[in-house]
Amino acid sequence: AQSVAQPEDQVNVAEGNPLTVKCTYSVSGNPYLFWYVQYPNRGLQFLLKYITGDNLVKGSYGFEAEFNKSQTSFHLKKPSALVSDSALYFCAVRDMGGNNRLAFGKGNQVVVIP
Amino acid sequence: DAGVIQSPRHEVTEMGQEVTLRCKPISGHNSLFWYRQTMMRGLELLIYFNNNVPIDDSGMPEDRFSAKMPNASFSTLKIQPSEPRDSAVYFCASSLFEGGVEQYFGPGTRLTVT
């Protein structure tokens, strides 16, 4: 079964510093990988995805993520965090050959300190 | 595009009452997903449909929960009778079935059962 691990509950970072949110995955075949962000009292909002091709994927709001097949990781990064990046971040995976349900991680709360 | 539409946005009801949550997916999308989010359990997939057909309802917690998708533009999630432990935010999401396509989430329905 496909699954995602987001090992940290909360990530604290000072404004202007690099932000990294970690994600590792497990699937039986090749993965489709996604990152979503959730602001308070809102639905999940798609940030970026890896399907195939370049391992470095760029998405919305200056975020990027790097697919690492050997480490089964898909960490989310932003070179310079903003206070407005404070939110809950979810990593998700689906098996390329399987059905189209996503397995979500538990989410990471990101707090950007002014 | 109006995005995924959910109604009501907030619902407060008494234990034992029937609750019906509604979802209108994005036009042209052929997959629809119902999720529940709580602090304790995080984001849980309840059921999903492909081409209006329920594919996996293993996440539906009890027989008190039922979901229907009578046509491509409308789905309901019903709880009867409701219990306080059903209090949560319920999200609907839609996507295309094919390939590594992201899911688009609605704003959610915040359900409170007293």
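In this text, all values refer to a predicted model and were calculated from it rather than measured experimentally.

Participant: Would you explain the interface of chain B and chain A in this entry?
Facilitator: How big an interface is tends to be stated in terms of the accessible area lost upon association of its parts. Contacts between the two partners involve 24 residues from chain B and, on the opposite side, 19 residues from chain A. For the pair chain B and chain A, the summed buried area comes to about 1600 Å², and 50% of that belongs to carbon and sulfur atoms. Put simply, chain B and chain A have two salt bridges between them. Salt-bridge contacts for A:Arg101 lead to B:Asp56; the nearest nitrogen and oxygen are separated by 2.6 Å. Taken together, the connections running from chain B to chain A amount to five residue pairs in polar contact (both at pLDDT 80 or more). Elements supplying a minimum of two residues to the side of chain B that touches chain A: strand E4 (31-38), strand E5 (42-50) and strand E9 (88-95) of chain B. Grouping the amino acids of the side of chain B that touches chain A by side-chain chemistry returns 11 nonpolar, nine polar and four charged.

Participant: Is there a simple way to think about the side chain of B:Ser31 in this case?
Facilitator: Here B:Ser31 lies in strand E4. Setting aside residues no more than four positions away along its own chain, B:Ser31 makes contact with A:Asn100, B:Phe49, B:Asn50, B:Ala93, B:Ser94, B:Ser95, B:Leu96 and B:Phe97.

Participant: What's the story with the sheet that holds strand E7 (residues 65-71) of chain B in this structure? I'm lost.
Facilitator: Strands pair in a sheet through their backbones, by hydrogen bonds, and they do so in one of two ways: parallel or antiparallel. Residue and element names in this part refer to chain B. With antiparallel pairing, four strands are arranged side by side in an open sheet as E1-E3-E8-E7. This sheet does not close on itself; its edge strands, each paired only once, are strand E1 (5-7) and E7. The sheet shows a mean angle of 15° between the axes of neighbouring strands, direction not considered. Sheet topology places strand E3 (residues 19-24) next to strand E8 (residues 74-79); five bridges connect them, and they run antiparallel. Looking at E8, one finds that Arg22 is bridged to Thr76.

Participant: Even after reading the chapter, I still don't get the environment of B:Met39, so can you show me in this structure?
Facilitator: Structurally, B:Met39 is set in the loop between E4 and E5. Expressed as a C-alpha distance, the spacing of B:Met39 and B:Ala88, which sit 49 residues apart in the sequence, is 8.5 Å.

Participant: Mind showing me how you'd approach the state of the cysteines here?
Facilitator: According to the stated counting rule, one finds two disulfides over all chains in the structure shown. Through a disulfide, A:Cys23 is tied to A:Cys91; the S-S separation comes to 2.0 Å. Residues A:Cys23 and A:Cys91 are joined through a disulfide that is left-handed, its torsion about the S-S bond being -65°. Of the two residues, A:Cys23 sits in the loop between strand E3 (19-21) and strand E4 (24-26) while A:Cys91 sits in strand E10 (residues 87-95), which places them 68 residues apart along the sequence. Residue A:Cys23 is classed as buried on the basis of its relative accessible area, which comes to 0%. Take A:Cys91: its relative accessible area is 0%, and that puts it in the buried class. One disulfide in the model links B:Cys23 with B:Cys92; its S-S distance is 1.9 Å. With the S-S dihedral at roughly -65°, the linkage between B:Cys23 and B:Cys92 falls on the left-handed side. With B:Cys23 in strand E3 and B:Cys92 in strand E9, the pair connects residues that are 69 residues apart, well separated along the chain.

Participant: Even after reading the chapter, I still don't get the pattern of salt bridges, so can you show me in this structure?
Facilitator: Two side chains carrying opposite charge are able to pair once their charged atoms lie near each other. For the coordinates displayed, the defined rule picks out 13 salt bridges over all chains. In this structure, A:Lys58 engages A:Glu64 in a salt bridge whose closest nitrogen and oxygen atoms are separated by 2.9 Å. Residue A:Lys58 is classed as exposed on the basis of its relative accessible area of 62%. Of the charged contacts, one joins B:Arg41 and B:Glu44 as a salt bridge, the two residues approaching to 2.8 Å between their closest N and O atoms. Classification of B:Arg41 by relative accessible area gives exposed; the value is 58%. A single network of salt bridges, built from pairs that share partners, joins B:Glu62, B:Arg64, B:Glu83, B:Arg85 and B:Asp86.

Reading the values: the criteria
- Within every chain, residues take consecutive numbers counted from 1 along the sequence as written.
- Chains carry letters from A onward and ligands carry numbers from 1 onward, assigned in written order.
- Totals for whole chains, interfaces and linings use every residue, but because this is a predicted model, local features are given only for residues with pLDDT of at least 70 and side-chain atom pairs only at 80 or more, for both listing and counting.
- Only hydrogens and water are set aside when side-chain values are computed; all heavy atoms of the structure are taken into account.
- Contact definition: two residues touch when any of their heavy atoms are within 4.5 Å.
- When two components associate, each loses some accessible surface as probed by a 1.4 Å sphere; the sum of these losses over both components is called the buried area.
- We define a salt bridge as a contact between a side-chain nitrogen of Lys or Arg and a carboxyl oxygen of Asp or Glu at a distance within 4 Å.
- Think of a polar contact as two N or O atoms within 3.5 Å of one another; within protein, one of them needs to be a possible hydrogen donor and the other a possible acceptor, and neighboring residues in sequence only count if both atoms come from side chains.
- Secondary structure elements are taken from DSSP: a helix is a run of H or I of four residues or more, a strand is a run of E of two residues or more, and numbering for both begins at the N terminus.
- Polar here means any residue outside two lists: the nonpolar Ala, Val, Leu, Ile, Met, Phe, Trp, Tyr, Cys and Pro, and the charged Asp, Glu, Lys and Arg; Gly therefore counts as polar.
- One bridge is not enough; two strands pair if DSSP finds at least two bridges between them.
- Axis definition: a line fitted to C-alpha atoms, over the contacting stretch in the case of helices. Angles run 0 to 180 degrees between N-to-C directions.
- Criterion for a disulfide: a pair of cysteine sulfur atoms at a distance within 2.5 Å.
- A 1.4 Å probe rolled over the protein chains alone gives each residue an accessible area, and that area as a share of the maximum for its type sets the label: buried under 20%, exposed over 50%, partly exposed in between.

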